[in-house]
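Spelled out, the chains give:
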Amino acid sequence: MTKAEFVEKYAEKTGMSKKDAAAAVNAFFEVTADALKAGDKIVFPGVFKAEVGERAARTGRNPQTGIARRYAEHWEEMQAENIGCLFWGNVGNGKSYLAGCIANALMEKEVPVYMTNFAVILGDLSPGFTGRNEYISRLCRYPLLIIDDFGMERGTDYGLEQVFHVIDTRYRSNKPLIATTNRPLDELKKPTDTAHSRIYDRLLSMCVPIRFTGVNFRQETAKRKMETMKKLLAE
């Protein structure tokens, strides 16, 4: 249950307005957080119990996890300064996953986010589509737009022109953009033609490049499945 859903249920149970219910819930969480920071336990017998536990530190699987978490935590500043991110690196190291984590974290704060990719966008903006401008404007109304697998779209003249229109409209909207790509950063910084140069120049002016390193999670998952299958078949 999200915080918004909890507030709605609380309002229904108490007969309070949503505004008053939200204030009451926020106050409860603030009192709870202050008590836990002070080392206290909170116990409502048979209903609720909260305390701060200790556990050994562990090494995260993805070193960029902290960046994604802090981006969501500092969303107001990121939005005010129009700061986006370009997650780049090899296949399977968590770029799309962490972009999705940012989207989920912000939506829990009731911030509208739209995550898509250019394969979907270009499919919608097929030749003959008459609502292109409104379609692109609608994409750019979201406070945060996330475009996954940037650079994997069709390289036709028509396709590149649509990609340019989306990126250029987002650029002019002064709203943050997060993009993920498997393309090397040098390729984005030094495109070989004007069509890509127009796109990449705007992209890099909006998004701070963040390199993703580490293991290929998909290969690890496939390896575990193979090992499990071998054990099961050997029994």
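Residues numbered from 1 in each chain as written. Predicted model: local features only at pLDDT ≥ 70, side-chain atom pairs only at ≥ 80, totals over all residues. Heavy atoms only, no water.

Draft legend 1. Seen up close, the overall build of the protein chain. The helix and strand inventory of the protein chain stands at eleven helices and seven strands. The proportion of buried residues among the 235 residues of the protein chain is 34%. Taking the contacts inside the protein chain whose residues are at least 6 apart along the sequence as the reference set, 75% of them involve residues at least 24 apart. For the protein chain, the accessible surface area stands at approximately 15000 Å², while carbon and sulfur atoms represent 53% of it. (Helix = DSSP H or I, 4+ residues; strand = E, 2+ residues; numbered from the N terminus. Buried < 20%, exposed > 50% of the residue type's maximum accessible area, 1.4 Å probe, protein only. Contact = heavy atoms within 4.5 Å. Areas by Shrake-Rupley, 256 points an atom, 1.4 Å probe, with all protein chains shown as cover.)

Draft legend 2. Focus on the nonpolar core. Counting residues in hydrophobic clusters, the biggest one holds 27 residues, and the most contacted among them are Phe118, Phe150, Ile167, Leu177 and Ile199. A per-element tally of this core places helix 8 (residues 157-173) first, with five residues. Leaving out residues up to four positions away in the same chain, Phe150 has contacts with Phe118, Val163, Ile167, Ala179, Thr180, Thr181, Arg183, Ile199, Tyr200 and Leu203. Ala99, Ile102, Val111 and Ile146 belong to the second-largest nonpolar core, a separate cluster that totals 19 residues. (Core = buried A, V, L, I, M, F, W, Y, C linked by side-chain atoms within 4.5 Å.)

Draft legend 3. Expanded view of helix 7 (residues 132-139). Of all the positions in helix 7, only Tyr135, Ile136 and Leu139 are classed as buried. For helix 7, the angular spread of the buried residues around the axis is 90 degrees, confining them to a single face. Where helix 7 is buried, its residues touch strand 4 (113-117), helix 6 (118-124), strand 5 (144-148) and helix 8. (Arc of directions from axis to C-beta.)

Draft legend 4. Structural detail: helix 5 (residues 95-108). The first and last C-alpha atoms of helix 5 sit 20 Å apart over 14 residues, in line with the 20 Å expected at 1.5 Å per residue. Restricting attention to buried positions, one finds in helix 5 the residues Lys95, Leu98, Ala99, Gly100, Ile102, Ala103 and Leu106. One or two positions beyond helix 5, positive phi appears at Glu110, with a value near 65 degrees. (Expected span 1.5 Å × (residues − 1).)

Draft legend 5. Broad picture of the sheet that holds strand 3 (residues 84-89). Ordered by their spatial adjacency, five strands build an open sheet running 4-5-6-3-7, and the pairing between neighbours is parallel. Each end of this open sheet is capped by a strand with a single partner; those strands are strand 4 and strand 7 (207-212). The sheet shows a mean angle of 15 degrees between the axes of neighbouring strands, direction not considered. Note: strand 3 against strand 7, six bridges, orientation parallel. Bridged to Phe87 within strand 7 is Ile210. (Pairing = 2+ DSSP bridges. Axes fitted to C-alpha atoms, helices over the stretch in contact; angles between N-to-C directions.)

Draft legend 6. Region of interest: the environment of Asn82. When you line up the elements, Asn82 lands in the loop between helix 4 (75-80) and strand 3. Separated by 92 residues in sequence, Asn82 and Asn174 place their C-alpha atoms 6.0 Å apart. Aside from chain neighbours lying at most four places away, what touches Asn82 is Asn174, Lys175, Pro176 and Met206.

Draft legend 7. View of unusual backbone geometry. Here Asn82, not a glycine, exhibits a phi torsion of approximately 55 degrees, which is positive. Although it is not a glycine, Asn174 sits at a positive phi angle of roughly 60 degrees. Along the polypeptide, Asn174 turns up in the loop between helix 8 and strand 6 (177-181). Since its relative accessible area comes to 54%, Asn174 is described here as exposed.

Draft legend 8. Geometry of a nonpolar patch on the surface. A cluster of nonpolar side chains, Phe6, Tyr10, Met16, Phe28 and Phe29, forms an exposed patch at the surface whose accessible area comes to about 410 Å². Secondary-structure elements contributing two or more residues to the nonpolar patch are helix 1 (3-14) and helix 2 (18-37). Tracing the chain through its elements places Phe28 in helix 2. A relative accessible area of 34% means that Phe28 is categorised as partly exposed. (Patch = residues over 30% accessible without salt bridge, like charges linked within 9 Å, V, L, I, M, F, W, Y side chains within 5 Å. Salt bridge = Lys/Arg side-chain N within 4 Å of Asp/Glu carboxyl O.)

Functional significance is not addressed by these values, which are geometric in nature.
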